[in-house]
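Report on the structure
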Amino acid sequence: MPLTAPSPLVECRDLRFGYGNRPILDGVSFTVPQGKVTALMGASGGGKTTVLRLIGGQVRPQGGSLRFEGQEVAALDRSGLYAIRRRMGMLFQFGALFTDLSVFDNVAFPLREHTHLPEALVRDIVLMKLQAVGLRGARDLMPSEISGGMARRVALARAIALDPALVMYDEPFAGLDPISLGTAAQLIRQLNDALGITSLVVSHDLEETFRIADQVIILAGGKIAAQGSPAEVMASQDPLVRQFVHAQADGPVRFHYPGPTVDQDFGPAGAPSRGGQR
Amino acid sequence: MRFLHPARVGYAVRGQVADLGRAARLFGRLMRLSGPTLARFGLVRDQIHFLGNYSLAIIAISGLFVGFVLGLQGYYILQRYGSAEALGQLVALTLVRELGPVVTALLFAGRAGTSLTAEIGLMKAGEQLAAMEMMAVDPVRRILAPRLWGGIIAMPLLGAVFSAVGILGGWVVGVVMIGVDSGSFWSQMQGGVEVWKDVGNGLVKSFVFGIAVTFIALWQGYEAHPTPEGVSRATTRTVVSASLTVLGLDFILTAMMFSL
């Protein structure tokens, strides 16, 4: 008899959120299954990062429900939020390392804040986490002395320092060179499998994301446009999803910003131009 | 006039009141966190070192020159009334009661306050505060509270340094250069300055200015728009509002102290 599937780590139902009168999420429902890599994709400004902020409780939804490990995030007070955040790690777009602390102290920060471990043990844990991201040798450097790709790996080591259940990645591939990009993608997959964590990756790098994800969710216009395995999403016939996964400049998402027609701006085709003839 | 339209005035006033309310709530939280903050004294000690040490040179040099000027001006005024030997008392009272706390606070706002605002603003712009929040570490508790207490403790110490160096400056000009009698310079000072009434008043002022300047600097950094322009505006606002607050508070405190 097959084991019943474990309950999903994050469960959103009919999630709504907006800034002012501009809706960002308009009834979004999805689940993040345990132990898998879920990718959240979509055009810039489409609400991907907002979903991460909602899961972390940094902003509250205007409607719908969002549960983390069965707990309604919006209903938690500050101490409740801090309790669930200790079960999450988040990798910010540019790492967000503390610039006044060394690489070692950055990774040690959550351990020193949340545990009373002896310093020798903190050292061992930090070096193990740095080893996992390949930067054990960089422990004494300051954030200003390392490259952008390395900073993100340090931030990843810091995010997994307390062995979270869920690691969220905000644009982990943005602005990386091809080598760092491949490294980052492999690292997300390896850490997910080796540590038994759940990963939620926000990205618009198609190739790398499709290579490592188990589940892909595409957000467009505040709703979910496609959801499924990478192969299923690739084969989708939805015009918007096709435009996105095939990186076409024009489609349901217009290349031109709305404005007056060409004829209004330049005069009808064939008419003499207004500038010359002097 | 368009900008005096009632709706606009109301909107602006409501914005100011809301700002004030948020600042008061932050201040309340910082005060409630005093116990845990002082219990973790290592973080406060680092800030006293950072804020105090880096302001020490400018404070000492300014104190010396203010003392020089006081010695010179004081001598010429007192000499008209034939009481030049009271120079020590005049210099000491002026510094301890008034110039020490006030000028120290103004210099502190320019030197340490701006660096606090820029530091917090840049931490916000670099998502460091958000990252801390996501690590379940409260930035108000971990970053703001130790800095506030660092400023509160550093300010009276710096004020004392300013007054001490200033008195030495007055002595150099009055006694060494002009030739006022050294014995009466010091004995008049000793006789005319009371520990609780004069030195105590100066300490209370420094303490209050320490709270005001450091809190304004932290608040401006915490509320700064997370952009280069926002941080630069916030640093400017720190200097302007901290200086005005110090001068306003100084008048109120002086009035209260004379009426007590």
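So, a few notes on the structure that sits alongside this text. (Residues numbered from 1 in each chain as written. Chains lettered and ligands numbered in written order. Predicted model: local features only at pLDDT ≥ 70, side-chain atom pairs only at ≥ 80, totals over all residues. Heavy atoms only, no water.)

The next thing to look at is the pairing of strand β6 (residues 88-91) of chain A. All names here are of chain A. Going residue by residue along β6, you find Met-88 and Met-90 tucked away on one face and Gly-89 and Leu-91 tucked away on the opposite face as well. In terms of strand pairing, β6 meets strand β7 (residues 166-170) through 4 bridges, oriented parallel. The residue bridging Gly-89 from the neighbouring strand is Val-167, located in β7. (Buried < 20%, exposed > 50% of the residue type's maximum accessible area, 1.4 Å probe, protein only. Helix = DSSP H or I, 4+ residues; strand = E, 2+ residues; numbered from the N terminus. Pairing = 2+ DSSP bridges.)

As a further point, take the side chain of Ser-206 of chain B. In this fold, Ser-206 of chain B is placed in helix α8 (residues 195-223). Sequence-distant contacts of Ser-206 of chain B, that is, excluding residues within four places in its chain, are made with Pro-101, Met-155, Pro-156 and Gly-159 of chain B. (Contact = heavy atoms within 4.5 Å.)

On to the pattern of salt bridges, then. Taken as a whole and assessed by the stated rule, the structure comprises 25 salt bridges over all chains. With a closest N to O distance of 3.3 Å, Arg-16 of chain A and Asp-14 of chain A form a salt bridge. On the basis of relative accessible area, Arg-16 of chain A is assigned to the partly exposed category, the value being 36%. As a salt-bridge pair, Lys-205 of chain B and Asp-250 of chain B come within 3.0 Å of each other at their nearest N and O atoms. Of the two residues, Lys-205 of chain B sits in helix α8 while Asp-250 of chain B sits in helix α9 (residues 228-259), which places them 45 residues apart along the sequence. One exposure class covers both Lys-205 of chain B and Asp-250 of chain B, and it is buried. A network of salt bridges, in which partner residues are shared, links Asp-14, Arg-16, Asp-26 and Lys-223 of chain A. (Salt bridge = Lys/Arg side-chain N within 4 Å of Asp/Glu carboxyl O.)

Looking now at the nonpolar core. Residue and element names in this part refer to chain A. Counting residues in each nonpolar core, the largest one holds 95 residues, and the members touching the most others are Val-10, Leu-25, Ile-55 and Met-168. Filtering out sequence-adjacent residues up to four positions away, Ile-55 remains in contact with Val-10, Leu-66, Val-73, Ile-84, Met-88, Leu-166, Met-168 and Leu-200. Counting residues in hydrophobic clusters, the runner-up holds 37 residues, among them Ala-108, Leu-130, Ile-146 and Ile-197. (Core = buried A, V, L, I, M, F, W, Y, C linked by side-chain atoms within 4.5 Å.)

Listed as interface residues are 20 residues of chain A and, on the opposing side, 17 residues of chain B. Buried surface at the junction of chain A and chain B, summed over both partners, amounts to about 1700 Å²; 59% is from carbon and sulfur atoms. At the junction of chain A and chain B, the tally comes to 3 salt bridges. Ionic pairing is found between Glu-133 of chain B and Arg-85 of chain A, a salt bridge with its closest N-O pair at 2.8 Å. Connecting chain A to chain B are 6 residue pairs in polar contact (both at pLDDT 80 or more). Secondary structure elements with two or more residues in the side of chain A that touches chain B: α2 (78-85), β6 and α3 (103-114) of chain A. Here the side of chain A that touches chain B gets 4 residues from one element, more than from any other, and that element is α3 of chain A. (Buried area = accessible area lost by both parts, 1.4 Å probe. Polar contact = N/O pair within 3.5 Å; in protein donor to acceptor, adjacent residues only side chain to side chain.)

Residue and element names in this part refer to chain A. One open sheet accounts for 6 strands, arranged β6-β7-β8-β3-β9-β10; its pairing is mixed. At either margin of the open sheet sits one strand with a lone partner, and together these are β6 and β10 (223-228). Geometrically, the sheet is characterised by an average inter-axis angle of 15 degrees between neighbouring strands, direction not taken into account. This element, helix α5 (residues 148-159), spans β6 and β7 of the sheet and lies at about 170 degrees to β6. Across the sheet, helix α6 (residues 178-195) lies against β3 (37-42), β7 and β8 (198-202), angled at about 160 degrees from β8, the strand it touches most. (Axes fitted to C-alpha atoms, helices over the stretch in contact; angles between N-to-C directions.)

It is worth spelling out the environment of Ser-182 of chain B at this point. Residues and elements named next belong to chain B. Turning to its location among the elements, Ser-182 is positioned in helix α7 (residues 182-192). Of the residues examined, Ser-182 reaches a relative accessible area of 30% and is grouped as partly exposed. Between the C-alpha atoms of Ser-182 and Gly-88, which are 94 residues apart in sequence, the distance is 9.0 Å. Aside from chain neighbours lying at most four places away, what touches Ser-182 is Trp-171 and Val-175.

Residues and elements named next belong to chain A. Strand order in the open sheet formed by 4 strands is β2-β1-β4-β5, with antiparallel pairing between adjacent strands. Only two strands of the sheet have a single neighbouring strand rather than two, namely β2 (22-32) and β5 (71-72). Note that strand β4 (residues 63-68) and β5 share 2 bridges and pair antiparallel. Within the sheet, the bridge partner assigned to Arg-67 lies in β5 and is Glu-72.

Without other data, these values stay purely geometric and don't point to any function.
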